[in-house]
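Okay, here's what each chain looks like letter by letter:
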Amino acid sequence: MAGTGLPTTMDIPTKAVETSINPPKDLDAGALFVLKSKGSWLHCGYHLTTSIVAPVLLSLPFAMGLLGWVGGVMWLALAAVVTFYSYNLLSLVLEHHAKLGHRYLRFRDMATHILGPGWGRYFVGPLQFGICYGAVVVCSLLGGQSLKFIYLLYKPNGSMQLYQFIVMFGVLMLFLAQMPSFHSLRHINLFSLILCLTYSACAAVGSIQIGSTSKAPPKDYSQSDDGANRLFGAFNGISIIATTYASGIIPEIQATIAPPVTGKMFKGLCICYTVIIITYFSVGISGYWAFGNGAQGSILSNFMAGDKPLLPSWFLLMINVFTLTQLAAVTLVYLQPTNEVLEGFFADPKRDQFSIRNTVPRLIFRSLTVVIGTTIAAMLPFFGDIMALFGAFGCIPLDFILPMIFYNVSFKPSKKSLVFWINTTIAVVSSALAAIGAVSSVRQMVLDAKTYRLFANM
């Protein structure tokens, strides 16, 4: 692509006409059964929103506390612009290859075709699998914490342990994990979209309510005087913000769209980022305003003063129920890459998806996937610290670096063009942030190591 303009859907060459008959031939069972291409751009928007806008956004006030007002708002806005641009580039590359007769349904398929077989098999595939399954473990942990919060709200001296609540959440996921395909989640993900708008509004209202009363703690917006702590804290804040915008499954979501796909992903991204702007900025700014540097890892924790709720119990119950329910939807979305891999190994694409031959293995291996994820979450309640390290190594490459490389390799823009240098700059800066973020995550793990123990009641 020559010239200096930024890429748009209209820039894609039209050497071949996209029709409904150019998905890959001889699909394996994973692509055929899990990544069914039946959805609309609206469904795509629901899937995108659920994959990105999750309860982890409740950590944004904490991230802003590490960066300050100017740095926090700036990085929140910059991450939105860069990820929207990055995901749109990834979509354009997929559309480009679909027009040429090669529709790729998985991230690893893209990497294999564009960069070579080794990149798909040994880098992108394992990286995506680890990130997505790690997200399942983290969601199980957060689901258990939400259930425990609800329990302690009404029984402050209760004796039940965190791992028991994680198991309860796992039992729920055992049933929901049997949803047959990504497309079958469209109604659940619409409900998820509504839920994230609702609990974000509740979190913002709760922060403003507390911050406007005498219950509010003293507001301190100052940064640490220690240079090292301030620097590592800033990079930790940037990593948190980058992770809240991460998806890692953009090609799989685009695979659910019925052909022709041109322009549909862009519309889905517009839905998703409308929700992102409403939720991220309202929660981040209101929470940081209300609690300053005292904002905790989840802003909901600031709604309690020890065992005493600062807001009505029914209000806190409502927020946690909304959060808990959306966590189930997010878990389902990030189970899809695992489901796709398992179906590819154990299902027969020549038999009906709901035949006994395919149903029994699906039931067994999806249940086993949930059981393993739940067990890890219960054993390692500090898994969030570990996931921060994987996020630096995984989310940033998949969402900030590879889309730039894919675009430059596929479209070969002139080295004098604006788009080439924008892509190159984003890839280089993101690589540096990934390295520094990994160091910050390891440092945080070392600082928190004294609290680590199996089945801890955190």
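Residues numbered from 1 in each chain as written. Predicted model: local features only at pLDDT ≥ 70, side-chain atom pairs only at ≥ 80, totals over all residues. Heavy atoms only, no water.

1. Observations regarding a nonpolar patch on the surface
Here comes step 1: The grouping of W69, V70, V73, I208, I285 and W289 at the surface amounts to a nonpolar patch, some 500 Å² of accessible area in total.
Here comes step 2: When residues of the nonpolar patch are traced back to their parent elements, those giving at least two are α3 (60-99) and α10 (264-291).
Here comes step 3: Examining the composition of the nonpolar patch, we find that 3 residues originate from one element, α3, more than from any other.
Here comes step 4: Within the secondary structure, W69 sits in helix α3. (Patch = residues over 30% accessible without salt bridge, like charges linked within 9 Å, V, L, I, M, F, W, Y side chains within 5 Å. Areas by Shrake-Rupley, 256 points an atom, 1.4 Å probe, with all protein chains shown as cover. Salt bridge = Lys/Arg side-chain N within 4 Å of Asp/Glu carboxyl O. Helix = DSSP H or I, 4+ residues; strand = E, 2+ residues; numbered from the N terminus.)

2. Some details on the side chain of N408
Here comes step 1: Its location among the elements puts N408 in helix α13 (residues 383-411).
Here comes step 2: On the basis of relative accessible area, N408 is assigned to the buried category, the value being 15%.
Here comes step 3: At 3.0 Å, the side chain of N408 and the side chain of N423 are in polar contact.
Here comes step 4: The contact partners of N408, leaving out residues within four places of it in the chain, are P413, F420, N423 and T424. (Buried < 20%, exposed > 50% of the residue type's maximum accessible area, 1.4 Å probe, protein only. Polar contact = N/O pair within 3.5 Å; in protein donor to acceptor, adjacent residues only side chain to side chain. Contact = heavy atoms within 4.5 Å.)

3. Thoughts on the environment of Y273
Here comes step 1: Along the polypeptide, Y273 turns up in helix α10.
Here comes step 2: Remark: the alpha-carbon pair of Y273 and Y245, spanning 28 residues in sequence, is separated by 9.9 Å.
Here comes step 3: At a separation of 2.6 Å, a polar atom in the side chain of Y273 contacts the side chain of T83.

4. Here we look at the nonpolar core
Here comes step 1: Membership of the largest hydrophobic core comes to 115 residues, with the highest contact counts inside it found for Y245, Y280, F303 and F406.
Here comes step 2: Setting aside anything within four residues of it in sequence, one finds Y245 in contact with I52, L76, A79, A80, T83, Y87, Y273, I276, Y280 and F281. (Core = buried A, V, L, I, M, F, W, Y, C linked by side-chain atoms within 4.5 Å.)

5. A short note on the pattern of salt bridges
When the charged atoms of two side chains with opposite charge come close together, those side chains can pair.
Here comes step 1: Counting across every chain of the model gives 5 salt bridges.
Here comes step 2: When the shortest N-O distance is used, the salt bridge between D109 and R106 registers 2.8 Å.
Here comes step 3: The residue R106 makes a salt bridge to E340 at a minimum N-O spacing of 2.5 Å. With R106 in the loop between α3 and α4 (107-115) and E340 in helix α11 (residues 313-346), this residue pair connects regions lying 234 residues apart in the sequence.
Here comes step 4: The class of R106 is buried, set by a relative accessible area of 9%.
Here comes step 5: We classify E340 as buried; its relative accessible area is 3%.
Here comes step 6: Linked through salt bridges whose partners overlap, the residues forming this network are D28, R106, R108, D109 and E340.

6. Things to note about the environment of T279
Here comes step 1: You can see T279 is positioned in helix α10.
Here comes step 2: Overall, the relative accessible area of 1% leaves T279 in the buried class.
Here comes step 3: With 76 residues separating them along the chain, T279 and A203 place their C-alpha atoms 9.6 Å apart.
Here comes step 4: If we ignore the near neighbours within four places in the chain, the residues touching T279 are V53, L57, C196, L197 and S200.
Here comes step 5: For T279, the side chain forms a polar contact with the main-chain oxygen of V275, separated by 2.8 Å.

7. Points about the packing of aromatic side chains
Here comes step 1: As enumerated under the stated definition, the model contains 16 aromatic pairs in all.
Here comes step 2: Consider the rings of Y151 and F165, whose centres lie 5.2 Å apart with planes at 50 degrees: the pair is tilted. With Y151 in helix α5 (residues 117-154) and F165 in helix α6 (residues 162-176), this residue pair connects regions lying 14 residues apart in the sequence.
Here comes step 3: Chaining the aromatic ring pairs together yields one cluster made of W69, Y221 and Y288.
Here comes step 4: In this structure, K219 is placed above the aromatic ring of W289, and the distance from its NZ or CZ to the ring centre is 5.0 Å. (Phe/Tyr/Trp six-rings, centres within 6.5 Å; stacked < 30°, edge-to-face > 60°. Lys NZ or Arg CZ within 6 Å of the ring centre and 35° of its normal.)

8. Quick word on the state of the cysteines
Here comes step 1: Per the stated rule, a full pass over the model turns up 0 disulfides.
Here comes step 2: Here C44 stays free of any disulfide, with the sulfur of C272 as its closest cysteine sulfur at 8.9 Å.
Here comes step 3: C44 sits in the buried class, given a relative accessible area of 1%.
Here comes step 4: C196 forms no disulfide, and the closest cysteine sulfur to it belongs to C272, at a distance of 8.7 Å. (Disulfide = S-S within 2.5 Å.)

9. Digging into the packing of helix α2 (residues 41-52) against helix α7 (residues 186-211)
Here comes step 1: Packing of α2 against α7 leaves a shortest axis separation of 8 Å and a crossing angle of 55 degrees. When the axes of α2 and α7 are compared, the pair comes out oblique. Here α2 runs over α7; the crossing is left-handed. Facing H43, Y46, H47, T49 and T50 of α2, the residues of α7 in contact are R186, N189, L190, S192, L193 and C196.
Here comes step 2: Its residues placed into classes, the contact of α2 with α7 shows 4 nonpolar, 6 polar and 1 charged. (Axes fitted to C-alpha atoms, helices over the stretch in contact; angles between N-to-C directions. Parallel < 35°, antiparallel > 145°, perpendicular 65-115°, else oblique. Left-handed = near helix turned anticlockwise from the far one by under 90°. Nonpolar A, V, L, I, M, F, W, Y, C, P; charged D, E, K, R; others polar.)

10. A few points about the confidence of the model for the protein chain
Here comes step 1: Across the protein chain, pLDDT averages 87, with 89% of residues at or above 70.
Here comes step 2: Note on residues 9-23: pLDDT under 50 across the span, and 30 contacts to partners over four residues away in sequence or across chains. (pLDDT = per-residue confidence, 0-100.)

11. Things to note about the environment of D220
Here comes step 1: By the element assignment, D220 lies in the loop between α7 and α8 (227-244).
Here comes step 2: As a C-alpha pair, D220 and G294 span 74 residues in sequence and 7.5 Å in three-dimensional space.
Here comes step 3: Beyond its immediate chain neighbours, meaning those up to four positions away, D220 contacts G292 and N293.

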